[in-house]
Amino acid sequence: MLLRAFRVDADEPMVRDLATDPYVPLIGSLPAEATRAEARDWLVRNRGRWSEGRGFSFAVADAATGEAVGSAGLWLAEIAHGRASAGYAIAPRYRGHGLAADALTALTAFAWTLPALHRVELYIEPDNRASVRTAERAGYVCEGRLRSHQEIGGRRRDMLLHAVVRPV
Ligand SMILES: CC(C)(COP(=O)(O)OP(=O)(O)OC[C@H]1O[C@@H](n2cnc3c(N)ncnc32)[C@H](O)[C@@H]1OP(=O)(O)O)[C@@H](O)C(=O)NCCC(=O)NCCS
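Residues numbered from 1 in each chain as written. Predicted model: local features only at pLDDT ≥ 70, side-chain atom pairs only at ≥ 80, totals over all residues. Heavy atoms only, no water.

For the protein chain, an unreviewed UniProt entry supplies the name Protein N-acetyltransferase, RimJ/RimL family and the organism Friedmanniella luteola.

**Student:** When you look at the UniProt feature "domain: N-acetyltransferase" (unreviewed entry) in the protein chain in this model, what are you seeing that I'm missing?
**Tutor:** Under the local residue numbering, the UniProt record ascribes the feature "domain: N-acetyltransferase" (unreviewed entry) to residues 1-167. This span, residues 1-167, is 27% helix and 33% strand, and a straight line between its end C-alpha atoms measures 23 Å. (UniProt positions renumbered as here; feature names shortened; annotations may be inferred. Helix = DSSP H or I, 4+ residues; strand = E, 2+ residues; numbered from the N terminus.)

**Student:** Teacher, can you tell me more about the pattern of salt bridges here?
**Tutor:** Pairing between side chains of opposite charge can happen when the charged atoms of each approach one another. In total, this model carries 14 salt bridges according to the counting rule given. One salt bridge connects glutamate 52 with arginine 49, and the closest N-O pair in it is separated by 3.3 Å. Put simply, arginine 119 and glutamate 121 hold a salt bridge, and the shortest N to O gap is 2.8 Å. A residue is classified by how much of its surface remains accessible, and arginine 119, at 19% relative accessible area, is buried. (Salt bridge = Lys/Arg side-chain N within 4 Å of Asp/Glu carboxyl O. Buried < 20%, exposed > 50% of the residue type's maximum accessible area, 1.4 Å probe, protein only.)

**Student:** It is not clear to me how the sheet that holds strand S1 (residues 2-4) should be interpreted in this structure. Could you clarify?
**Tutor:** Strand order in the open sheet formed by 7 strands is S1-S2-S3-S4-S5-S7-S6, and the pairing between neighbours is mixed. Edge positions in the sheet fall to S1 and strand S6 (141-152), since each has one partner strand and no second. Ignoring strand direction, the axes of neighbouring strands in this sheet form an average angle of 30 degrees. Bridge count between S1 and strand S2 (residues 55-61): 3 bridges; the pairing is antiparallel. Paired with leucine 3 across the two strands is valine 60, which belongs to S2. Strands in contact with helix H1 (residues 8-18) are S1, S2, strand S3 (68-75) and strand S4 (83-90); relative to S3, the strand with the most contacts, it is inclined by about 80 degrees. (Pairing = 2+ DSSP bridges. Axes fitted to C-alpha atoms, helices over the stretch in contact; angles between N-to-C directions. Contact = heavy atoms within 4.5 Å.)

**Student:** Any chance you could explain the pairing of S6 here in plain terms?
**Tutor:** Taken residue by residue, a regular strand's side chains alternate between the two faces of the sheet. With 8 bridges connecting them, S6 and strand S7 (residues 155-165) associate as antiparallel partners. Residue pairing across strands places glutamate 151 opposite arginine 156, the latter belonging to S7. Linking S6 to S7, which pair antiparallel, is a turn of 2 residues; within it glycine 153 sits at a positive phi near 60 degrees.

**Student:** Help me understand the environment of glutamine 150, please; the structure alone is not making it clear to me.
**Tutor:** Structurally, glutamine 150 is set in strand S6. Considered as a pair, glutamine 150 and tyrosine 123 are 27 residues apart in the sequence and their alpha carbons are 9.8 Å apart. Apart from residues no more than four positions distant in its own chain, glutamine 150 is found in contact with Tyr123, Arg155, Arg156, Arg157 and Met159. Looking at glutamine 150, its side chain comes within polar contact range of the side chain of histidine 149, at 2.9 Å. (Polar contact = N/O pair within 3.5 Å; in protein donor to acceptor, adjacent residues only side chain to side chain.)

**Student:** How should the site of the ligand be read in this particular structure?
**Tutor:** The local shell around the ligand holds 22 residues, among which Tyr88, Gly98, Asn128, Arg133 and Arg137 are the closest. A distance of 2.8 Å separates an oxygen atom of the ligand from a polar atom in the backbone of isoleucine 90. Interatomic distance of 2.7 Å between a backbone N/O atom of glycine 98 and an oxygen atom of the ligand. Against a free-state accessible area of 950 Å², the protein chains account for coverage of 68% of the ligand. Sorting the residues of the shell around the ligand by element identifies S4, helix H3 (99-111), strand S5 (119-124) and helix H4 (129-137) as the ones contributing at least two each. Looking at which element gives the most residues to the shell around the ligand, the answer is H4, with 6 residues. Its residues assigned to classes, the shell around the ligand comprises 11 nonpolar, 6 polar and 5 charged. (Near = heavy atom within 4 Å. Areas by Shrake-Rupley, 256 points an atom, 1.4 Å probe, with all protein chains shown as cover. Nonpolar A, V, L, I, M, F, W, Y, C, P; charged D, E, K, R; others polar.)

Laid out in structure tokens, this is it:
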């Protein structure tokens, strides 16, 4: 597994697979059941996140073949306070092999190359067991349950706050 920049042509099938997941469109800007054009627009938008100053949006890819299997983002809206937030998704056909934990571990190691960052946060719905387990495997610690923290799919949701801090 490695993290790399998205490739608009090569990664479009993976993004369309990701868009078949009912949850992924609720937590980002990828339209549900994305068409080819919508998947390509999403890839172009995500390639632009760094130049917009929003953060790093990486493809999670197979190290041997380079084939994209998912996405992992490090978002920098709060970098002035030393904090980033992370997010990840693995395309349905590639799930069940712990790839998200490997991607999150790599993303977190990358975060510590940014001197301004001291803390990386994850916001996870309590019943998203695969994501909670992913966070734990990557060394994130649950710091509590944020009640009615945000609206997802038209409903207020509690979120678990997981975080890691820069190793000393
Ligand atoms: C969350 C997600 C990225 C995990 O992808 P993945 O790497 O394929 O995860 P896996 O299926 O390998 O599961 C990781 C771990 O969770 C466990 N797990 C998976 N589903 C589970 C469930 N329903 N209940 C309990 N544990 C579960 C697995 O056993 C594994 O544990 P292990 O490391 O102890 O073996 C993927 O499900 C996804 O893309 N979901 C939609 C987007 C999303 O929710 N992103 C995170 C938002 S916070």
